[in-house]
Amino acid sequence: MARAYIDAYCERTGPEIWNEPLNAVTNLAFIVSAAILARSLSRADRETRTDWAAWALVVLVFLIGIGSGLFHTLAVGWAAAADVIPISLFILLATYLALRRLAGFGLWIGLAGMVSVLGLAVGISALLRIGGGSYIAALVAMVTIGLYLRLRLHHPAATALLTAAGVFAVSLTLRTLDHPLCEAIPTGTHFLWHILNSVVLYIAARAIIRHGRAAS
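Calculation criteria
Residues numbered from 1 in each chain as written. Predicted model: local features only at pLDDT ≥ 70, side-chain atom pairs only at ≥ 80, totals over all residues. Heavy atoms only, no water. Helix = DSSP H or I, 4+ residues; strand = E, 2+ residues; numbered from the N terminus. Rg over C-alpha atoms; globule rule 2.2 N^0.38 Å. Buried < 20%, exposed > 50% of the residue type's maximum accessible area, 1.4 Å probe, protein only. Contact = heavy atoms within 4.5 Å. Disulfide = S-S within 2.5 Å.

Okay, the overall build of the protein chain next. A tally of regular secondary structure across the protein chain gives 9 helices and 0 strands. Secondary structure elements in the protein chain, listed N-terminal to C-terminal, are α-α-α-α-α-α-α-α-α. For 216 residues, the compact-globule formula gives about 17 Å, and the C-alpha radius of gyration of the protein chain, at 18 Å, lands near that figure. Counting only residues that meet the buried cut, the protein chain has 45% of its 216 residues in that class. Residue pairs in contact within the protein chain that sit at least 24 positions apart in sequence constitute 64% of those at least 6 positions apart.

Below, the structure written as structure tokens:
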């Protein structure tokens, strides 16, 4: 009797653990991004090097790679949770830190931003009923904060956030097209989501770490 498994992506054709090789291996991109960020943090000044929020972002990028790797090999419910939870936590924490440390808003605006992104994600997912629909909320947050930093504050982190948003838009499009393009591209396009997202997370985290010191 074949084991039960979640068939969520084009590349998977059966229950075998190594049935999504591209989707599994490309999660190493997140590990690489986390390693580069960790190396930069370890060489930074003492204030940045001991910033818990900066390290939390790095750890979450690492856990995203681990969780997604587990899901694309095991394809079971708990592995799906291990995939989604770190991503969600990164989006919420990055939104909070960008509003507080980059845009300079107070605690309540930071918390309200987190709640707004969460609410928008739930609403979009329920309305569109497509895989990855909730990530549109993260894209909206990046564009909104990036434009605010550029137009109102002329902040040096604006370019990084808007660049990350642009890459993320391409990444999200490829994730959404995974199933529709199955016949034309048997491997699917989800693996490109991993590669591009590792770049997005690196750019966003680096901008927050570099331009959003705890003291600010």
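Under the criterion given, the structure shown has 1 disulfide. Covalent S-S linkage joins C10 and C182, the inter-sulfur distance amounting to 1.9 Å. Separated by 172 residues along the polypeptide, C10 in the segment before α1 (21-25) and C182 in the loop between α8 (158-176) and α9 (190-211) bring together distant segments of the chain. A residue is classified by how much of its surface remains accessible, and C182, at 23% relative accessible area, is partly exposed.

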